[in-house]
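Letter by letter, the chains look like this.
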Amino acid sequence: MPVTQVPVVLSFEDARRTVEQHASRVRQPKVEPVDLLSAAGRVLAEPIQADRNLPPFPRSTRDGYAVRAADVARVPATLDVLGEIKAGESLENIPKHIGSVQAASIMTGAPVPYGADAVVMVEYSAQQGNRVEIQRSVAPGENIVPSGAEAKQGSVLVERGVRLNDAAIALAASAGQSRVRVYNRPQVAVLTTGDEIVSIDANPGPTQIRNSNSYSLAVQIRKAGGEPVLLPIAPDEPRKLRTLIEEGMKSDLLLMTGGVSMGRYDLVEQVLTELHAEFFFTGAKIQPGRPVVFGKCGAGAPAREKPGTYFFGLPGNPVSTMVTFELFARPILEALAGMSLRKLQFTYAKLKSEIRVKPGLRRFLPAMLSGEFEASLVELVPWQGSGDVAATARANCYIVIPSDRDRFPAGEFVAILSR
Ligand code: AMP
Ligand code: MG
């Protein structure tokens, strides 16, 4: 049966925009409460608020003397020491007020008493009995973080839709949240296709290839907050392929690899067309990964309560599969996981040696970033093309090549995408 689908090949930017538009419309997943530590890496389903000011009191950031800055405008200045305030000092032990030419010895993390407006570091002082000589002036506010300067009571510390990292978990802990509400992880079906592909437990025949894509995808899916569901390998045969695609559509997202190029046995688009899938694009002007397909299936079917399942047909070459997941599937998966949309983040590094390419495609080429600090340099990893997963395993980033130039001299700063 001929493919009835009209090809829609977009520029990288348009394809990415298409994905982002769909990602912004995805329905929010279900919510579950979990222990704080189990929430690491999960997506926050409701904002975490500050239950009190951060810091809760004006906090000294140094060991030294709480003073009135005006009293030490001219130094040396000698002040009366009213007492010592350590971190966690109870209120009744803290001097009620620091008056003119008075000071209190104070430790890092301790509350600054009323009247004092700065802390002089202990290094610039000499205490003898109840008197201290201050040897250096301080500006008002110096070495004090005012109460609420980091966050006001009731303000949002971590927004809904944020993937909880170390700092976010620390904030939740500081707000006393031993349990937090997070979104359920979406289930992502992985369907690899191809008559030549065999399971990694099988003994491959001389022309057979072990299935590596399901494994790279499973890793990428987990990293992006999803739960991979590996389906059996689909042969290049429409009926069996269709059964497995229908199975995959029961998940929250379906990722297929292989079978989306122009070959006679590339049947994925044909089967999806039979299933009345809607295609948003059937190619993007990129390398690797040009034949990437994005669409939705099952929307509008009255019997189903799901609003349709997004799918990607990722090209089967292993590097194409990895790159197109990162560029296109990841935003949809993150949205299904409840995450707020993030733009692609590029960093820039200096090219070690010249790159020449044919213009017309935006390229994401495996590369190695090495060196430190200002001496960092990036260069392409020699590779045999988008099937060369060995080269990609040696790479630690991709150099992003714009589509409108053919030469990039050594020393130029180029965009890189980490991997
Ligand atoms: P296709 O996109 O189906 O034309 O496949 C392109 C290339 O990727 C072929 O050389 C396939 O053998 C290879 N390939 C497809 N699927 C996989 C897979 N799951 N694991 C490893 N290589 C694959
Ligand atoms: Mg194939």
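Attention in this report is confined to the structure presented alongside it. These figures come from a predicted structure and were not determined experimentally. (Residues numbered from 1 in each chain as written. Chains lettered and ligands numbered in written order. Predicted model: local features only at pLDDT ≥ 70, side-chain atom pairs only at ≥ 80, totals over all residues. Heavy atoms only, no water.)

### Some words on the overall build of the chain
Next up, step 1: Counting secondary structure elements, the chain contains seven helices and 30 strands.
Next up, step 2: Its C-alpha atoms give the chain a radius of gyration of 30 Å, clearly above 22 Å, the size a compact globule of 419 residues would have.
Next up, step 3: Taken over the C-alpha atoms alone, the chain extends approximately 95 × 55 × 40 Å along its principal axes.
Next up, step 4: The buried share among the 419 residues of the chain stands at 46%.
Next up, step 5: Considering only contacts in the chain between residues 6 or more positions apart, those separated by 24 or more positions represent 72%. (Helix = DSSP H or I, 4+ residues; strand = E, 2+ residues; numbered from the N terminus. Rg over C-alpha atoms; globule rule 2.2 N^0.38 Å. Buried < 20%, exposed > 50% of the residue type's maximum accessible area, 1.4 Å probe, protein only. Contact = heavy atoms within 4.5 Å.)

### Quick word on the sheet that holds strand 9 (residues 125–128)
Next up, step 1: Taken in spatial order, the six strands make up an open sheet running 8-5-7-6-10-9, and their pairing is mixed. Where the open sheet ends on each side, the last strands, each with one partner, are strand 8 (118–121) and strand 9. Strand-to-strand, the axes of this sheet are offset by a mean angle of 35°, without reference to chain direction. (Pairing = 2+ DSSP bridges. Axes fitted to C-alpha atoms, helices over the stretch in contact; angles between N-to-C directions.)

### Quick notes on the site of ligand 1
Next up, step 1: The environment of ligand 1 is made up of 15 residues, and the closest members are T192, E196, N211, G259 and G316.
Next up, step 2: Within the backbone of G316, an N or O atom sits 2.9 Å from an oxygen atom of ligand 1.
Next up, step 3: Within the complex, the protein chains bury 79% of what would otherwise be the 490 Å² of accessible surface of ligand 1.
Next up, step 4: Grouping the amino acids of the shell around ligand 1 by side-chain chemistry returns three nonpolar, nine polar and three charged. (Near = heavy atom within 4 Å. Polar contact = N/O pair within 3.5 Å; in protein donor to acceptor, adjacent residues only side chain to side chain. Areas by Shrake-Rupley, 256 points an atom, 1.4 Å probe, with all protein chains shown as cover. Nonpolar A, V, L, I, M, F, W, Y, C, P; charged D, E, K, R; others polar.)

### Some thoughts on the side chain of S386
Next up, step 1: When you line up the elements, S386 lands in the loop between strand 27 (377–380) and helix 7 (389–394).
Next up, step 2: A distance of 3.4 Å separates polar atoms of two side chains, one belonging to S386 and the other to N317.

### What to know about the nonpolar core
Next up, step 1: The biggest cluster of nonpolar side chains holds 38 residues, and the ones touching the most others in it are L253, L255, F312, F325, F328, I332 and F364.
Next up, step 2: Here this core takes 11 residues from helix 6 (residues 318–336), the largest share from any one element.
Next up, step 3: Every residue in contact with I332, bar those within four places of it in the chain, is listed here: V19, H22, A23, L253, F294, Y310 and F312.
Next up, step 4: A189, V271, A277 and F279 belong to the second largest nonpolar core, which has 21 residues in total. (Core = buried A, V, L, I, M, F, W, Y, C linked by side-chain atoms within 4.5 Å.)

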